[in-house]
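# Observations on chain architecture
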Amino acid sequence: MANTMRGSRMGTTSYETDGGLFAPRALTTYVCDQGHQVTMPFSAEADEIPDSWPCACGATGMLVGAAQNAPVKQKHLRTHWDMLLERRTVKDLEGLLKERLEVLRRPRKSA
Ligand SMILES: [Zn+2]
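Residues numbered from 1 in each chain as written. Predicted model: local features only at pLDDT ≥ 70, side-chain atom pairs only at ≥ 80, totals over all residues.

### Some thoughts on the overall build of the chain
Quick reminder of the rule: Only DSSP runs of H or I reaching four residues or more are called helices, and only runs of E reaching two or more are called strands; each is numbered from the N terminus. C-beta atoms are placed from the backbone for every residue, and two residues are taken to be in contact when these atoms lie within 7 Å.
Across its full length, the chain holds 3 helices and 4 strands. Taken from the N to the C terminus, the helices and strands of the chain come in the order β-β-β-β-α-α-α. Intrachain contacts of the chain at a sequence separation of at least 6 include 41% that bridge at least 24 residues.

### Concerning the environment of Thr39
Test applied: Residue burial is a threshold on neighbouring C-beta atoms within 10 Å of the residue's own C-beta, all placed from the backbone, with 20 or more meaning buried, 12 or fewer meaning exposed, and counts in between meaning partly exposed.
Note on placement: Thr39 falls in strand E2 (residues 37-43). Judged by the 13 C-beta atoms lying within 10 Å of it, Thr39 falls in the partly exposed class. Sequence separation between Thr39 and Leu63 is 24 residues, and the spatial gap between their C-alpha atoms is 9.6 Å. Other than its neighbours up to four places away in sequence, Thr39 contacts Leu27, Thr28 and Thr29.

Structure representation (structure tokens):
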């Protein structure tokens, strides 16, 4: 058995926040089961603010204050992304992606 180093450092996940430079941004806070807070600057005009956000620890951060506005939903609504993260780390996924891209880029052998 090899020593498995579990990288559970915060902030290793890079979230892409694009398009936020022009529109006014509202800070949206998510809190995960572990009590971590993730604050995302969503555009105030975009009404596609998700109810949950994947926390860097792998748990799902729930939108703070969503309970008041949103109709009653399942509290632990897991997205495909959440389920994926339960099986794979982001690092794993990046590796897999790289692997697949290499396969795709490889010239096909004539079969
Ligand atoms: Zn967390």
